[in-house]
Each structure stands twice: as C-alpha cells, then as structure tokens.
Amino acid sequence: MRNIASSSSFSASTPKWTYDVFLSFRGEDVRKSFVDFLYSALQKKGIYTFKDDEKLERGRSISPALLQAIKESRIAVIIFSENYATSSWCLDELAEIIDCKHVLGQTVLPVFYYVDPSVVRRQKGSFDRAFVKHEDEIEDKERIQKWRAPLTEAASISGWDVPNTADGHESKCIQEIVEYVVAKLERVVAIEAKNQVGIDSRVQRVNALLNLGSGKVQFIGIWGMSGIGKTTIAWAVFNRISTHFEGAIFLEDVRKQSESLKNLQEEILLKILCLKDLRISSVLEGSKMIQTRLCCKKVLIVLDDVDHLSQLDALAGMHEWFGDGSRIIITTKNKHLLVTHGVDKMHKMEVLNEYEANQLFSWHAFKKDYPAKDYEELSIEIVHYAGCLPLALKVLGSFLYGREMAEWRSEVERLKRIPEDEIMEKLKVSFNGLKEVEKEIFLDIACFFEGKKKDYIRRVLDSFNFCPDIHINVLIQKSLITLSRGRILMHCLIQEMGWNIVREKAPDEPGKHSRLWVAEEICDVLARDKATENIVGMWLDLPTPQDVVIKNEAFEKMKKLRLLKINNACVSYCPNCIPNEIRWLNWHGYPSKSLPESFQPEKLIGLKLQYSRVIQLWKGIKLLDKLKYINLSYSQKFIRTPDFTGIRNLERLILEGCSSLTEIHPSAGYLKRLQKFNLRNCTNLRSLPKKIILESLEVMILSGCSKVGEFPEILGTMDHLKAVYLEATAIKELPPSIEHLTSLVLLNLSYCESLTSLPSGLCRLKCLEALILSGCSKLDRLPEELGHVLSLEELYVDETAISEPPSSIVLLKNLKTLSSRGCKAMASHKCRASLPSWLLGQKSQDSTGLVFPSVSGLNSLAKLDLSDCNLSDKGLPCDLGSLSSLVELNLGKNNFTSISAASIKNLSRLRILELVGCKRLEILPELPPCIEEVYADNCTSLQSATDLTKHGLLHRVSFSNCFKLLQDERTSSMIYATWNHMLKVFSFLQYTYNSWRPKNILRRRDYYFSVCLPGGSIPSWFTNRNSGPSITVKLPPNWYNDEFMGFAVCVVSDLIRTPFLLELQWRELLQKIPGFPVQFTLIDKEMNRFCYVFTMAFVGADNNIDSEHTCLGYLPFENILDAHALATRGYDRSLLSLWSNRLRSPNDWTCIEASAHADVKECLVFKEWGISLVYENDVRQNSELLMIPQSSELGEGRFSSNVIVNVNRLKSNRRRRRGLEALPSFPSELTQIGDPSVWRPVRVNAVHLYPTVATDLPNLMANVQCSAKMTYWSSEDGLD
C-alpha cells in the first residue's frame, strides 16, 4: 500500500510511506519459523512488508538502509524473542522505531515470542544478561543507555504474547496480527484520504460501484481526460481495499509498458502468488498462466492507463480468469475501450470544483490550503487558467512555490501567451492516437465550435464530408470533448492544446496557420493580405461592432477555405471574390446588396447572412444542389426571395424579421425536403405561395406577419408537420385542406383578430394536442366536432367572443388545461350572466334553449381558468367537484357571493385556489385536504372562512385588502391560528421531503410558508423589531444548534401600487403567484455576505390601497443551508468568491439583515419589521408564537402518528446533516440565490410548474422554443 504521487495527484503534503510494515526481529531465533510465516501472511494480504533479508541490496551499507526503511514504514512490528537483546543491531532498530513513533507518528506493535513482556520491560533474565555482555564489549556506554528506555516503552504497548494467544497456536496468533494490521491500515488510509483534496468523495463513488459484498467477479472502469486524477483515485481505492483480497497488484502506466506485455504478466503472477522467480516465453503463455493460476484466487488488479484492447486481452481477458469476488479496475482515457472489453460498471472522472481546485493549488504553491496574503487574485487567475485540472494545478503550484510576487505576475502573463510544456505534452498523448479525420474534427472544435450545439456542429462537419457522428463519439470516448445539454464542451487546457498544435509550425505567422480564430490575427491577415492557401477555416466573432478592413483580394489565396464566419465586423464594402470551395458561409451584417457574380459555390451547404444589406441574393436560377440552409434573418432591405428551383435540397429557410420582404417565390411551396420555414415578423409580407406541398416540413412560423390574410392551400398530405404558428396574422379563416396536416400537434392562432371561424376539417386532426385561440376577438364559436379531437390536451380561448361551445367538448377525455380568462361574452345577455352555458347541465333563461353538457366528462383536466368571466352565484356548475384531476383553479375577478361547499371540497387533488378580485364573495368555501395555496386578495366583501388549520399542507395564504374578514372574531382567531398550525405541521413535512428527495435534484417547490393579512400589528413575541425599510439583527453566540428550525419574519407595509396583478396578465397558463420577495442577508465577522431570497404569499389589489398590511412568514434554515451548499459546490460558480473564509459552522454568521427585494421597494412603503429565531422547543411549548391565545384543539395531540414519528426521525437526520463537514466554503461577496418564484414570469419561454404542449415540445421540434403567444428561435436554430 505505497503512497504513489502521480502527476495529477490530488494529495496535499503528507509523509512518504514506502512500506506498510517493517519487521524487526532477531534472525537466528525466528527468521525461518514465526517471522517467515508472518511475512508470507502479510504479503498474501497485499501488505507491503520490509524484511531485511528480502529488501536490502548487496554491497550497500546495512545500517543506513535499515534506518531509511524504518522511517518509510507506517507500522513497525517488533518480534521480541529470547535472544533479541543480544543483537546491538536489533536494539539500534528498536531505538529508531521508537523515535519514529514520537516524530512521525509511526504505529508500533510488539509481539512477545516465548518471552515474558515484563522481562523485556524491566530488562531481566536473558535481556539483563545481554546488557551485561554489551557493557563489557561496547565502549559507548551512552549508546547502551539509549536502548533501555525504548525497550521499556515498546514492552509497555499492548501487543501479542504468543504462548498466551489462541492457546499457543502460532498460526492463529499470526492470523490475529495480520487482521489487526489490515484494520489499522484501513483506518490510517481513510484518515489520510480525508486530508487529501477531493479524494474521499470520489473514492466513495468508486467503492459503491465495486460492491465488495458481491461474490461475483467484476471489472470496473475509471475513465477521463489526461491529468484529471484517474491514477490517484485508483491508488486511493487500491490502498483502502487491497487487504480484502488474497492477492493485489497495481500496474502503473500500462500504456508505456505495453511493448513488453510478458513482463507485465510476470509482474502480476510474481506479486499475487508471492513467487521469487518466473519466466514467460510468450504473451499467449502468460495469459494462459494467469487464467490457470488465478482462477481460484480472490484478487484485486488495477491496470492503470490502458490505451489498447490487446493490453486488456493479455492481462485480464475474461471474468473467468479470476476467482470469485475478484475486482479488476481499469483506468483509461478511452471509454470505448471499456465498452468493447465488456466492463461491468464505469466511473467518469470530473474536474475538481473550484473550492477543491483552490485548495489543491494552495497546497502546492503555499504548503497550506489557502493562498498567502496578497496572492489571492493571482491564484484565482492561475486556477482559472488550469480549469480545475489536478495535473495543471500541481505543476503550476509546484513551479510557483517560494517565488516572489514579480515572478508570479510574469508567469501569469506568460501563460496567457505560451502554454506550459509539461502540461501540454501530457494532454497531447490522446491527440496523437487519433486518426487524421478525427484530428481535423478535434481542431475544428477547439478553434471554432467549443460550446456550440452538437446538432449544429454535426451539420457543419458533415458539410466537410467528415462523417461526424462516429468521430465525435470517438472524441467523447477518448475524453477530449464532453457533451452537456446538447452542447459540445472542451476543457480549457485541452482546447489550448489544440490551439498550440495549429500554431506550432509557424507560431509567429498566423497567415500560414490552418485555422484562424483570434480577432487581432484575422484582422491583420485580412487587412495586409497575408493569407495563404493553408487556411481552411476563419472564425471572426467580435464581441461588439468594430471597424474591420478587408482588402479586395483578401480571400483570393484561400483556395481551401471551407468555413468563414464574420460577426460584428463593420465592413464598408465586400471583397471582390469569395472562394468557391466554401461549404459554410456565415457573415453577420454582410455589406453588399447581393453575392458576387463570380461566386459559384457548388459545394455550399450553409448560407447565413443575418442583419445583412442584401436586397436580392442573386438573379435568375442558381444550381446549388448541396445548399441545405439559408438564414437571412433581420436583413431589413431584403425584398424578394430567389427562385428556389435550383435549390431542391433546401432544409431550412429562415427569413425572420425581414421587414421589407413582400413576396415569397412560388417555387418555395414545392421544396420537398424543407423542414423549417420561419417568416416570423415579416411585417410587409402580403402573400404566401398559393399552394404548398412541403412533404418534409416540421415547423412553420408566420407569427407577426400582420398583412398575411390567407393560408396556402395544401395539395397533399404533409405528415411531418408538427407545429404551425400563425399568431397576430390577418388570416380570416383556414382552408379546409388543413386536414391534410395529419401529424399536427400544435396550432397557434392567438391574436388573429380577423379570424371568424374554424373549418370542420380541423376536427379531423387526430394528433392535435394544443389549440391556442387566445385574443381572437371575432371568433364566436368552435367547430361542433371539436370533441372528436381526442388527443387535445390544451385549449386556450381567452378573450374571445365564444358564447356557445360545442356540446361534444365533454368528450375530451385527455384535456388537461382549459383557459377562458376574460371571455365575458360567455356571460352576455345571449347566454346568461354566469358561467358559460357549455359548462352547465341546465338551460339558461337567456340562452337559445339548448342543453349543454356538464363538466363531469373532463376527467384529465388539471388546470382551469375561468377568471374575469362575470360569473354570478348560479354560474358555477353543480358538478364542478367532479373534476378529479384538477390541481389549479382560478375563479378570480368574478361576481358570485358564495361557492358551493361541494364544488371545491370534493376536488381531491386541488393544490392552488385563486379567488383574487372576487369583490362580492362573502364566504370562503370549505377546502379540500390537499390544498396548499389560497389567494383571496382584494375580496373586499369576504366575511368568513372555513377552518384553515385542518389543512396540513397549506403553506401560502393571502387575504390582502380583506378587512371585513377580520371583523369576525372567530374567523380572525382561526386565521391567526393557521400560522401556528403551519409552523408545527408543515415545517416537519418539509424535512420529511428533504430526507427522501434525490440529492442531485434541485427542488421545484418551496417549503417555507406565509400568511398575509390586512392590519398593522406585529406579534409581541417578535423581540427583534425595527421601523423603516429593513431590519438588522445581531445573532447571539451559539444561536445555531440542533433545535434551531428557522427564521420567522413579519413585515408591516402600506400598499402603494401593485405590479403583481400586471404580471399576472403575462401568464399564459396558471402559474405560481409571484409573491412578495424578502431578501435575507447573513453576515460573518469579516463582513462576508450570503443572500437568500424567499417570497411571502401576496398578490395585492387592482387599485392603490392606503392601509396597512402585515405579512408573516417562516423560512426554514434548511433552505438556506441547501442553497449555500449548492452554490459552494459548483452548481453556479458565478455565485462564488473563490477565496473566502471557510464556513465552519452556521454560528460563524453573526448578523442577519432582512429587507424588501429591489423589485418591490418602489411599490410598498415599509413601516415595521420583526424577526424571531424559531426553535423546536418554542413550537412545542410556547403559546406566544400565536398572535392570540392558542386553542386547546391545536395541540400536538391533533397530529397523526406518522407526523410524530417523522419529527423524531428528522431530528437525527438534521444532526447528521449539520455536521461541519457538510458546510463548504463561504462566499465573501454578496450572493443571491433562493426562491425561484421571485424570478419574474416572462412572456416568452415562461417556466411553468407543469410542462405543457403549448410551451414545451422537446420531443417534437428540435431547436424551436414556444410560448402561447410568441415564438423565438435561438441564434443556433438557423445555421449557428
């Protein structure tokens, strides 16, 4: 179990142990008996043991070698025999061992081999006689005296008295010794690993894969890029578990030794079988010998840095080669190698997080775990350069150790220009093993495409005939690139290695490089005509607009140019020519009115000229069979499209924002391979091709084409089209041929204000899931057969004139969302001043006499919005309670005075009820058990409410501007009691949730709670108060303990104006109410700040309210700890200040501030704040936590038994979680994270609690992002 320091070691400064055990003994007494058996037993357990006759080389001075071996051993086992003291050599060894015990912490284990411990301790009997003889023969009396104390000390240590151990059975005694040594080494290794940076957590992950309890043979792979620490982790795992096997070996650098596989086979057999000599004549013989000799042995073999399948075939070919319980660990840079060999499980190595990287670099640069004073900023720069790669951190840290500030600054500047050779050579190993086409792809990604979407990169590389799919996978498997969220990423040092390869042949002459990506170099080459035919790609991507000079002949020499991107370059005129060999032309702001006449790009595949000055691409017909992608978005002078007859393979046509475009050439309607067609916001476009047959079309976008009045006739089946966006067009009707869109999933017609009707053919679309008609103010009816669209899941008819929906609507068994917000026509005199008649099971006196169905058939409905529909008391359907799947119900801004108890109570899954602005509502209905949020703001007539304390999950209640509600003493008492009930029940439930939720999943819901009421009273138990816009509280010493639960906060404010209701108008679906955001800032002694934002339930009113309101909220401290842990462990590195005092305990926080979030400071006047620290004992016993005396029926006796059990269990969970090791570094800058509900709802791409077809189509349309009203394409959805 040697401590091997690899080049990518995570380790800090630790003693160098070469041996696990040093055996000290008198050879003539025990060498060939007890010691020989003990040595063999230790070796079989994989314990690296020093025994003088085995390890000392001939011709060397014995004494110095022995002394060195003693110092490099973790454990010294001293075998005291009858004649031990007769050897001055043994006594010198003993004195050195005891010295190492004191100085190095070496463990000493005495074994008394047929000699009484007291004889050794007191130097009597044979030991006394030996000392008498030494005194006669040795002149150095001081040396003799130095032996006595070590003998006494060693004999006083607990050990093994062989005759009195295991009834004198030496073999059993040896077994006991070996087992103790194994256990001792495991503890030592575990402690050392904890002192090494990032080791322990990674070892635990690998150990979990090893599953040591299983008797099966298992092969485990550890893979990752060079220098990431694969060898280090494998060594740490080996050290921890090797003693559990009958034989163990760690074979380092297999790749470098692969030319002599026979030697590696011999090494495996010699080590595991404890042989002294072995010769293998061939690799085949060695493989056979490993199989036959180890097939019955439980072994641990680590094969480090394997790079070829032949190495695995020779050293660990099959599971059957090894005995039950064996483990084979393989480290490699090539994942595919592991897959091909059939390993059982794999572990991918990741770079260190920033905190770990800072520590590791500091250990090597400063010999401590934080930077020296004044070196913090430089250290940050170097860690950033290293990209948290262990190899680079160690190399750079070791180089800078002990150097002056000026040398540090010089090195930082040098690294910006010249990479570190030692690091680059290590990383280049993987590149050298690539095929030529893979090298080309790697260099293209390093220079141009790092961070781009894989689909985009694949399209570009495919245009170069590189067959990218398989070769990109090879680069991933060889750890040169990674794939994250659909984007290809590359470690910054791997990327720099690629840049270095491009530059190495002509470092000072960019014009001779194959690829150009540095803006300064490109501008120089273009302005001075320094280009050569070597250039195959040029990527000029300026962060801001900048004047660039391009000579007329700048591109003439670039005969091999296949990729050209120019962005933000202000060019006065275009060069005379563009190379005809080009495959991908991307020129943002292209300066000419058209492409050069000489430009005949027969190989062109992608043409992207966004924001260009192009009026017309070319005249006539061009034969461009390979052209697949055209993007001229926001080219505002572009007036007409070319004839597409010669571009028959076009797949994407993006003309978004071309505001001068007036016509589309009719040939566009016959592009059989066209998949994406985007004409969004072409505001002057008046007509489309009259007829279309686009067989491959997937997405069609005409949003904002306000002058387009007709949709084309569809000539045949278009069974690939998934989504059509026609928002805010002038279309009056859809053609009957719409039924040919047999695969259509989404149809968005919102704000088509001229639309008057829908064709019956729409009802034959069997795949339609979302129909959006919001804002179609002239649309007064839906097709009668709409109920036959059984696939429909979402229907939006907000702000339409629909008064009589079809009776078949109850057949929509899969409908999940129904929104009719603001459909006041439904309550017109034509129907009745109530709920839309189509939701009623009865006739209306003002209706046409037809009987419309009830809502009982909508069994899947989860969201129902009937707000602002002028509903009266009789308007609510009697069977509203039959909606068994309803989760969110919005009845706000209606005119009813009461709601049937059964209507709401029977909604068994209802979580959110919104009654905001129901000014005539007098009684809050009885709520279902599962209710979580109730918003009744601005219900000015509300006088009473049911008992809210019955609802254990209720955590948000808001009654702002409901002054009559508090006039009833019983209701007032109940509402206040709700606070105490929430505190007792719901906080415990949130901990229960935390105990089972996956640790790597960020929670989508928030488990603090709040109550908002009219009035301006802060409860008396808030001991910390302050008048004004904020409050600062000094925390008492040791305020944090196992009983601490969280913070209660109370705010009294005047409502000036209400932005929240305005924001609700942006919501296309029911969403979580934004709430009133409060900012908590925790501050430590050094004024480091950590900010957490949470919200209290509060919506507000339509008009200004000049009266006081009180918001009372509770924030569990677990939320703050979780947020702090996520930030410091790298979920959002931008939140961290790299160099900060580590938070050892929450008690390091000495002060807390609370204030309104910036979003509401201008909307509210804050009069008073209160903060209280809440402890479990307070909740159990202190009735003052109530605003009024606590009711006897609110006692603990009301909790169910499972809640009480959870409380006890959660206490122990919290104690475990709150250990110091769970708290990582503490930011030194203001950090703000917390409640996601304070992120304001956005009109485009709003995030909803439940994914919807209208807003989320990941499986249907790659690259298209949708919302109910608007559609956006990202910059990479066209050609980027």
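Residues numbered from 1 in each chain as written. Predicted model: local features only at pLDDT ≥ 70, side-chain atom pairs only at ≥ 80, totals over all residues. Heavy atoms only, no water.

A. Representation of the overall build of the chain within the structure. Counting its secondary structure elements, the chain contains 31 helices and 45 strands. The proportion of buried residues among the 1280 residues of the chain is 58%. Of the contacts formed within the chain by residues at least 6 apart in sequence, a portion of 64% connects residues at least 24 apart. Summed over all atoms, the accessible surface of the chain reaches about 52,000 Å², with 48% contributed by carbon and sulfur. (Helix = DSSP H or I, 4+ residues; strand = E, 2+ residues; numbered from the N terminus. Buried < 20%, exposed > 50% of the residue type's maximum accessible area, 1.4 Å probe, protein only. Contact = heavy atoms within 4.5 Å. Areas by Shrake-Rupley, 256 points an atom, 1.4 Å probe, with all protein chains shown as cover.)

B. Region of interest: the sheet that holds strand 2 (residues 49–50). One open sheet accounts for five strands, arranged 2-1-3-4-5; its pairing is parallel. Lying at the two open borders of the sheet, with one neighbouring strand each, are strand 2 and strand 5 (160–161). Note: strand 4 (residues 107–112) against strand 5, two bridges, orientation parallel. Looking across to strand 5, one finds that Phe112 is bridged to Asp161. This element, helix 2 (residues 34–44), spans strand 1 (19–24), strand 2, strand 3 (73–80) and strand 4 of the sheet and lies at about 175° to strand 1. In the packing of helix 5 (residues 88–103) onto the sheet, the strands contacted are strand 1, strand 3 and strand 4, and the crossing angle to strand 1 comes to about 145°. (Pairing = 2+ DSSP bridges. Axes fitted to C-alpha atoms, helices over the stretch in contact; angles between N-to-C directions.)

C. Layout of the packing of helix 5 against helix 8 (residues 141–155). Interhelical geometry of helix 5 versus helix 8 gives an angle of 60° and a closest axis separation of 9 Å. Taken together, the axes of helix 5 and helix 8 lie oblique to each other. Considering only the axes of helix 5 and helix 8, their crossing is left-handed. Of helix 8, the residues touching helix 5 (which contributes Ser88, Leu91, Asp92, Leu94, Ala95, Ile98, Lys101 and His102) are Arg143, Lys146, Trp147, Pro150, Leu151, Glu153 and Ala154. When its residues are assigned to classes, the contact of helix 5 with helix 8 shows eight nonpolar, two polar and five charged. (Parallel < 35°, antiparallel > 145°, perpendicular 65-115°, else oblique. Left-handed = near helix turned anticlockwise from the far one by under 90°. Nonpolar A, V, L, I, M, F, W, Y, C, P; charged D, E, K, R; others polar.)

D. Examining the pattern of salt bridges more closely. For the coordinates displayed, the defined rule picks out 40 salt bridges. Taking the shortest distance from any N to any O, the salt bridge between Arg648 and Asp625 comes out at 3.5 Å. In this pair, Arg648 is assigned in the loop between strand 18 (629–631) and strand 19 (652–654) and Asp625 in the loop between strand 17 (606–608) and strand 18, connecting sequence segments 23 residues apart. The exposure class assigned to Asp625 is partly exposed, which follows from its relative accessible area of 35%. Its salt-bridge partner being Lys950, residue Glu926 comes within 3.5 Å of it at the nearest N-O pair. Here the residue Glu926 occupies a position in the loop between strand 31 (912–914) and strand 32 (933–935), and Lys950 occupies one in the loop between strand 32 and strand 33 (956–958), the gap between them amounting to 24 residues. Classification of Glu926 as partly exposed rests on a relative accessible area of 23%. (Salt bridge = Lys/Arg side-chain N within 4 Å of Asp/Glu carboxyl O.)

E. View of helix 20 (residues 421–432). For helix 20, which comprises 12 residues, the first-to-last C-alpha distance of 16 Å matches the rise-based estimate of 16 Å (1.5 Å per residue) to within 8%. Listed as buried for helix 20 are Ile423, Met424, Leu427, Lys428, Ser430 and Phe431. The arc that holds the buried residues of helix 20, viewed along the axis, is 140°, so those residues lie on one side. Facing away from the buried side of helix 20, by more than 90 degrees, are the exposed residues Asp421, Glu422 and Glu425. Packing partners of the buried residues in helix 20 comprise helix 18 (390–400), helix 21 (436–449) and helix 24 (492–503). (Expected span 1.5 Å × (residues − 1). Arc of directions from axis to C-beta.)

F. Seen up close, the packing of aromatic side chains. The final tally for this structure, using the stated rule, is 47 aromatic pairs. When the centroid spacing of 5.1 Å and the interplanar angle of 45° are considered together, the rings of Phe34 and Tyr113 count as tilted. Here Phe34, found in helix 2, pairs with Tyr113, found in the loop between strand 4 and helix 6 (117–122); they are 79 residues apart in sequence, far enough to count as distant. Residue Phe34 shares its accessibility class with Tyr113, and that shared class is buried. Ring plane angle 65° and centroid distance 6.3 Å describe the contact between Tyr1040 and Phe1044, whose orientation is recorded as edge-to-face. Given the relative accessible area of 8%, Tyr1040 is considered buried. For the cation-ring pair, Lys51 lies above Tyr39, with the distance from its terminal atom to the ring centre recorded as 4.9 Å. The ring centre of Phe245 lies 5.3 Å from the NZ or CZ of Lys298, which sits over that ring. (Phe/Tyr/Trp six-rings, centres within 6.5 Å; stacked < 30°, edge-to-face > 60°. Lys NZ or Arg CZ within 6 Å of the ring centre and 35° of its normal.)

G. Region of interest: helix 13 (residues 283–294). In a regular helix each residue adds 1.5 Å, so 12 residues correspond to 16 Å; helix 13 covers 16 Å between its end C-alpha atoms and thus fits that length. Among the residues making up helix 13, those that are buried are Gly286, Ser287, Met289, Ile290 and Leu294. Down the axis, helix 13 shows its buried residues gathered within 165° of arc, on one side only. Residues of helix 13 that are exposed and point more than 90 degrees away from the buried face comprise Leu284 and Lys288.

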